[in-house]
Amino acid sequence: MNKEHLLQTDEKVTWVSYAALLFAIVFFSGIFSTAKGWLQVLDFTVLQGSFGTIGEGGKEVFRGSGGTGARDGFLFALTLMPSVILALGVISVVEGLGGLAAAQKLMSPLLKPLIGIPGICGLALIASLQSTDAGAGMTKTLYESGAITDDERTVFATFQISADATITNYFSSGAALFAFLGTPIIVPFVVILVFKIVGANLMRLYLKKVGQKTKNSPAAA
Amino acid sequence: MAQEQQPRTVIDAFVIGARRGLNVALNNIAPNVVMAFVIIQFLQLTGLLGLIGKVFGPVMRIFGLPGEAVTVLVSGWLSLGGGVGAAASLYSNGTLDARHVTILLPGLMLIGAQLQYMGRILITAGMESRQILPTMLVSLIVGLVAMFLFQFIV
């Protein structure tokens, strides 16, 4: 969804950026969801609140129970909207305060050991966590400018295609299932990120085995 | 979001993101969820859901899931909203429980929307056709392995 504004690389990373990143992690982690007093406002599910109840005994929200088909699906979709609006609003604030730039700065030195792509991919990687099209577009640019090799592009694309636009999709479509989860919402999210990295490394192994042409080319750097 | 103004204040930033959330919910999630609920309703009324449950039961048991959960993964492969819709619908009618949904979520996200992503990522990034199949296979494997391992944590 996002476009080229993510290509900017000159964003300053200050303590505010790190604070914003830390806030985002805490906010969506659920660690303050059962906190007493003011601390609980630092939690996504707390701020998300609850619907008023209707029906006998006041047990049902407006979706009711026992519905089926398109009508039930639509009302279910309606129940999701406040969460999606809140989540993407907060993520936008975190982004505006430089939280994602801070994540990029922390991630860049880890990219080579972790998934075998150069640190210059950091911006594209963070962009891909937000927007499928921004990440893919930037990957193409990185390859065409010679910053990454053919193999590195394949590894990077493998990282992206599993659960792409991770942040956006998890907190929008994925949010549909948050109410039914048996774990804090951050747990499946971390599992997803870990397995994105696993996928990239599977591709690395595969490419190593196949012995792609770029292996012999020293122009790779 | 090229057409959006750059946020000047925190409030601006929130409202811009919130509007994006409303758009996604309205234009992507709602239509896909309605479609998924209708498909599940169709499968249920025709008795096909029970059949799917029986046929895929042994395979899905590997992941600690009932056979019907395969509909979540298949519709998720086509569109993420469809996958979560199917999961929500199956949760509503009691086929899936909270633990099943928790196991499914990472798998669904990792496998999700691969059909669209083939074009939107692999073609956009300029990958050659010989690289596309391995890439998509890896993502499928990763999704399945993630669910398999996650069932022991949940």
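Residues numbered from 1 in each chain as written. Chains lettered and ligands numbered in written order. Predicted model: local features only at pLDDT ≥ 70, side-chain atom pairs only at ≥ 80, totals over all residues. Heavy atoms only, no water.

**Q** I tried to follow the packing of helix H9 (residues 186-210) of chain A against helix H5 (residues 98-111) of chain B on my own but got confused; where do I start?
**A** Relative orientation and spacing of two packed helices are given, respectively, by the angle between their axes and the distance between those axes. Look at H9 of chain A against H5 of chain B: their axes get within 9 Å of each other, and the N-to-C directions meet at 40°. Relative to H5 of chain B, H9 of chain A is oriented oblique. For the pair H9 of chain A and H5 of chain B, the crossing hand works out as right-handed. Facing H9 of chain A, whose interface residues are Pro 188, Val 191, Ile 192, Phe 195 and Lys 196 of chain A, H5 of chain B presents Leu 105, Pro 106, Met 109 and Leu 110 of chain B. A per-class count over the contact of H9 of chain A with H5 of chain B returns eight nonpolar, no polar and one charged. (Axes fitted to C-alpha atoms, helices over the stretch in contact; angles between N-to-C directions. Helix = DSSP H or I, 4+ residues; strand = E, 2+ residues; numbered from the N terminus. Parallel < 35°, antiparallel > 145°, perpendicular 65-115°, else oblique. Left-handed = near helix turned anticlockwise from the far one by under 90°. Contact = heavy atoms within 4.5 Å. Nonpolar A, V, L, I, M, F, W, Y, C, P; charged D, E, K, R; others polar.)

**Q** I keep staring at the layout of surface pockets and nothing clicks. Help me out?
**A** If you roll a probe as big as a water molecule over the atoms, it shows you where there is empty space left. In this structure, the largest pocket occupies an estimated 830 Å³ of space. When contributions to the lining of the largest pocket are tallied by element, the ones reaching two or more residues are helix H2 (44-48) and helix H3 (69-96) of chain A together with helix H1 (10-45) and helix H4 (80-92) of chain B. For the lining of the largest pocket, the element with the highest residue contribution is H3 of chain A, accounting for seven residues. Here the residues of the lining of the largest pocket are counted per class, giving 15 nonpolar, 20 polar and five charged. (1 Å grid on protein atoms, 1.4 Å probe; cavity = no way out; pocket = protein on both sides within 12 Å on 5 of 7 lines; lining within 4 Å. Points joined across faces, edges and corners; volume = space filled by probe spheres on them.)

**Q** Would you take a moment to explain the packing of helix H5 (residues 122-130) of chain A against helix H7 (residues 150-161) of chain A for this structure?
**A** Residue and element names in this part refer to chain A. Closest axis-to-axis distance for the H5/H7 pair is 10 Å, and the angle between their directions is 25°. When the axes of H5 and H7 are compared, the pair comes out roughly parallel. For the element pair H5 and H7, the recorded crossing hand is right-handed. Across from Ala 124, Leu 125 and Ser 128 in H5, the residues of H7 making contact are Phe 156, Phe 159 and Gln 160. A per-class count over the contact of H5 with H7 returns four nonpolar, two polar and no charged.

**Q** What is the right way to look at the interface of chain B and chain A in this model?
**A** Size of an interface: often given as the accessible area lost when the parts come together. With 61 residues of chain B in contact, the opposing surface of chain A contributes 67 residues. Interface area for chain B against chain A, summed over the two sides, is near 5400 Å², with a carbon-plus-sulfur share of 74%. Taken together, the links from chain B to chain A amount to two salt bridges. Counting residues per element, the ones that place at least two in the side of chain B that touches chain A are H1, H4, H5, helix H6 (114-123) and helix H7 (129-150) of chain B. Element by element, the count of residues in the side of chain B that touches chain A is highest for H1 of chain B, at 18 residues. Class assignment of the residues belonging to the side of chain B that touches chain A gives a composition of 44 nonpolar, 13 polar and four charged. (Buried area = accessible area lost by both parts, 1.4 Å probe. Salt bridge = Lys/Arg side-chain N within 4 Å of Asp/Glu carboxyl O.)

**Q** I'm lost on the side chain of Ser 29 of chain A in this one. Help?
**A** Residue and element names in this part refer to chain A. Its location among the elements puts Ser 29 in helix H1 (residues 15-29). You can call Ser 29 buried: its relative accessible area is 9%. Among the polar contacts listed, one links the side chain of Ser 29 to the backbone oxygen of Val 26, at a separation of 2.8 Å. Among all residues touching Ser 29, those that are not within four sequence positions of it are Pro 184 and Ile 186. (Buried < 20%, exposed > 50% of the residue type's maximum accessible area, 1.4 Å probe, protein only. Polar contact = N/O pair within 3.5 Å; in protein donor to acceptor, adjacent residues only side chain to side chain.)

**Q** Help me understand the pattern of salt bridges in this model?
**A** Pairs can form between side chains of opposite charge once their charged atoms are near each other. Residues and elements named next belong to chain A. Here the structure, examined in full by the defined rule, presents seven salt bridges over all chains. Between Lys 112 and Glu 152 there is a salt bridge, and its shortest N-O distance comes to 3.4 Å. Taken as a pair, Lys 112 in helix H4 (residues 99-115) and Glu 152 in helix H7 lie far apart in primary sequence, 40 residues in all. Residues Arg 153 and Asp 150 are paired through a salt bridge, measuring 3.0 Å at the closest nitrogen-oxygen approach. With Arg 153 and Asp 150 both in helix H7, this residue pair falls three residues apart, about one helical turn.

**Q** Mind showing me how you'd approach the packing of aromatic side chains here?
**A** For any pair of aromatic rings, the description rests on two quantities: the centre-to-centre distance and the angle between the ring planes. Residue and element names in this part refer to chain A. All chains considered together, the criterion is met by 17 aromatic pairs over all chains. Centroid distance Tyr 170 to Phe 189: 5.2 Å. Interplanar angle 50°. Geometry classified as tilted. Here the residue Tyr 170 occupies a position in helix H8 (residues 166-171), and Phe 189 occupies one in helix H9, the gap between them amounting to 19 residues. Its relative accessible area of 0% is what places Tyr 170 among the buried residues. Three or more aromatic residues link up through ring pairs in this structure, and these residues are Phe 23, Phe 27, Phe 28, Phe 44, Tyr 170, Phe 171, Phe 178 and Phe 189. Above the ring of Tyr 143, the side-chain terminus of Arg 153 is found at 3.7 Å from the ring centroid. Here Lys 196 stacks its cationic end above the ring of Phe 159, 4.5 Å away from the centre of that ring. (Phe/Tyr/Trp six-rings, centres within 6.5 Å; stacked < 30°, edge-to-face > 60°. Lys NZ or Arg CZ within 6 Å of the ring centre and 35° of its normal.)

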